[in-house]
Every structure is written in C-alpha cells, then in structure tokens.
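# A structural walkthrough
So you can see what is in the structure, the chains are spelled out below.
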Amino acid sequence: MKLLAEVKKIGLKKMLWLTVAGIINAIGVTMFLAPVNLYDSGISGTSILLSSLTPEFFSLSVFLVLLNVPLFLYGAKKQGAAFTISAIYAVLVYSLGAWLITDILPVDVSIVSPLAGSDLLLCSLFGGLISGTGSGLAIRSGGAMDGIEVMAVIFAKKIGISVGTFVMIYNVALYVICGIVLKSWILPLYSIVAYAAALKTVDYIVEGIDRSKSAMVITGCPDEVGAALSEEFGCGITVIEAKGYYSQSPKTVLYIVVNRFQITKMRTIVQNLDPEAYVTISEVADVFRFNTAKPE
C-alpha cells in the first residue's frame, strides 16, 4: 500500500516521461555508442565495458540493472522513496529498451551503428546528444538514469568535493581503465566527446535553453529605472534599500529576473536612465512562483 501511494505521488504524466526517457537513452547508447565500442558515462559506461569483457549472457541490460538498482536503493533514505521508484523505473525501461534493440528488433547493432556507420565522431556526438536527452528528461521528471549521481550526492560532501567533481573523477577513472583494457586511447577520447555532448544536453533539458538570469541593479534613481524595466519586460521587481559603504549615501537595489535575450535591452535602459548605476548579472537555474493568484 505504501509503495502504491508513492507511485501515485509521482503521477501518470511523470511516469510517461520517464518511459520516454528510458527509451531515448537506450536508442542513444545501443545504436550509436555501444556498436563502435564507445563508452557512455557513469554506470552506463561501466556496464558497456563489463558486457564487452564477460560472457554474452551478461549483456548491457543485465549490468544496467545489477549495478544501478542497488545504488538507487542505497540512496533511498537520502533521496526519498518517490525519487528511488522513479529512478529504478527509468533504468528498467532503459534496460528493457536496450535488450529489445540488441536482441529482439531487426536492427543489427553488433558491428557498427545502423545510422552513423563506423564514423566515431558522428557516433560520439549523436550518441551523447540522444543519451543526454534521455538523462535530462529523467531528471526533469523526478528520477535519474545513473546511480553514480546518487552516490555523488551522498558522498561528495563527506570527502570534501563537489557533486560535479565526484562524477567527473569517476568518469575520468572509467575512461582511463577503458584505455588500459583496450590498449588504445582513441575510443576513450571519443567517449569523452560523447560525455561532453551528453552533459551539455542534460543542462539544456533540465534548465532550459532559454535560461533565466537574475540582475541586481544598484541605482540612485530607483523609481525611474524600476518603472522603465517593469514597463518593458512586464515582470515583477524586488526593491531592497541599501547604503554605500564609502559614501554612506542611500542606494536602492532592484532585483529582477530576465532571460538571456533581454539582458542587452535591460542594460541599455539602466545606462540611459542612470549612468552611475552598478549592475551584476548571475545565472539562475530555476524560477518558481508557487502562488500565481493576483492579490486583491
């Protein structure tokens, strides 16, 4: 009953997106990376390496489940039941999709990519883009496609490094091991290209191509600048009263969130109205507005 309640929390829409994410990831890995012996990142790449070194029975699909599921279960307490269920489901779909493509469907992926042939650059770029799309959709839907990310969240701070550094160290070690096993560095180097393409794609999928930016405008003309920005962009502005440290003169900080295409226009408006203004711009990963009802 408790498991069913957690599944209901996830919702049908997210489960459908997790299904799509798993299928997309399977296409990217089995049709572009694995056929030409390129390696995905994380547990997926580890599974590709192990499947190439073990008997045929231990296929990519088997290792994906054997390695990922225990890591997700281990991280259940840290990440929560809904995340763990979503992640395991996405990996199971990914594993099933990989099995169908390699063993059931009439697609020959045993020697070269059926779409990109033996071109390593095309395989690495498109494999990275497609698998990154699948991973990004899984993250947006509240899950994950790789257990290493969960381990990074749990252990990174304990050993004094960031989550990104933890994942990078794991992947660098994986590619070094691949190079040693293969006795060649060409495929591991192309695998890094695939990893970079996937990483950038995940960023775009999770954070959006039109990523928001926050601007803090320190001005002595808050009314004029605030009115002009509000009229131009039609968005809310937060007003923060401040004081200059050296001059001790009163200042006002206007906090506004815009997209990357509005930055130039915003800067022009501020400069025209207050040439002495000071503007800082920062990246914003997510913007949430929990109550959209207009105040009465």
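As a reminder, the structure under discussion sits directly above these lines.
The rules behind these values
Residues numbered from 1 in each chain as written. Predicted model: local features only at pLDDT ≥ 70, side-chain atom pairs only at ≥ 80, totals over all residues. Heavy atoms only, no water. Pairing = 2+ DSSP bridges. Helix = DSSP H or I, 4+ residues; strand = E, 2+ residues; numbered from the N terminus. Axes fitted to C-alpha atoms, helices over the stretch in contact; angles between N-to-C directions. Contact = heavy atoms within 4.5 Å. Buried < 20%, exposed > 50% of the residue type's maximum accessible area, 1.4 Å probe, protein only. Phe/Tyr/Trp six-rings, centres within 6.5 Å; stacked < 30°, edge-to-face > 60°. Core = buried A, V, L, I, M, F, W, Y, C linked by side-chain atoms within 4.5 Å. 1 Å grid on protein atoms, 1.4 Å probe; cavity = no way out; pocket = protein on both sides within 12 Å on 5 of 7 lines; lining within 4 Å. Points joined across faces, edges and corners; volume = space filled by probe spheres on them. Nonpolar A, V, L, I, M, F, W, Y, C, P; charged D, E, K, R; others polar.

## Description of the sheet that holds strand 3 (residues 250-259)
Taken together, the four strands give an open sheet; going across it, the order is 2-3-1-4, and neighbouring strands pair in antiparallel fashion. Sheet topology places strand 2 (238-243) and strand 4 (278-283) at the edges, where each strand pairs with a single neighbour. Averaged over all neighbouring strand pairs, the angle between strand axes comes to 25°, with direction disregarded. Two elements, strand 2 and strand 3, share six bridges in a ladder whose sense is antiparallel. Within the sheet, the bridge partner assigned to Ile240 lies in strand 3 and is Val253. This element, helix 11 (residues 222-233), spans strand 1 (212-219) and strand 3 of the sheet and lies at about 10° to strand 3. Along the sheet, helix 12 (residues 263-273) makes contact with strand 1, strand 3 and strand 4, crossing strand 4 at roughly 165°.

## Things to note about the side chain of Thr84
For Thr84, the location among the structural elements is in helix 6 (residues 81-104). Assessed through its relative accessible area of 5%, Thr84 is described here as buried. Ignoring sequence-local partners within four residues, the contact set of Thr84 consists of Phe72, Leu73 and Ala76.

## Regarding the packing of aromatic side chains
Counted according to the given criterion, the structure contains seven aromatic pairs. Through pairs of rings, three or more aromatic residues link up here, namely Phe57, Phe58 and Phe63.

## Some words on the nonpolar core
By size, the foremost hydrophobic cluster in this structure holds 51 residues, and its most contacted members are Leu38 and Phe72. At the level of elements, helix 2 (12-33), helix 3 (42-53), helix 4 (60-74), helix 6, helix 7 (120-140), helix 8 (147-155), helix 9 (163-182) and helix 10 (186-207) are the ones that each hand at least two residues to this core. A per-element tally of this core places helix 6 first, with nine residues. Excluding its chain neighbours within four sequence positions, the residues that come into contact with Phe72 are Phe83, Thr84, Ala87, Ile88, Val91, Ala144, Met145, Asp146, Gly147 and Val150. Grouped together as the second largest cluster of nonpolar side chains are twelve residues, Val225, Phe233, Met266 and Ile269 included.

## Focus on the environment of Gly134
Residue position: Gly134 is located in helix 7. Of the residues examined, Gly134 reaches a relative accessible area of 0% and is grouped as buried. Not counting residues up to four positions away in its chain, the partners in contact with Gly134 are Ala21, Ile24, Asn25 and Met145.

## A word on the layout of surface pockets
Space inside the second largest pocket adds up to approximately 570 Å³. Surrounding the second largest pocket, 21 residues form its lining, Ala34, Ser51, Leu60, Thr102 and Val109 being those nearest its centre. Counting only elements with at least two residues in the lining of the second largest pocket, the list comes to helix 3, helix 4 and helix 6. For the lining of the second largest pocket, the per-class residue count stands at nine nonpolar, nine polar and three charged.

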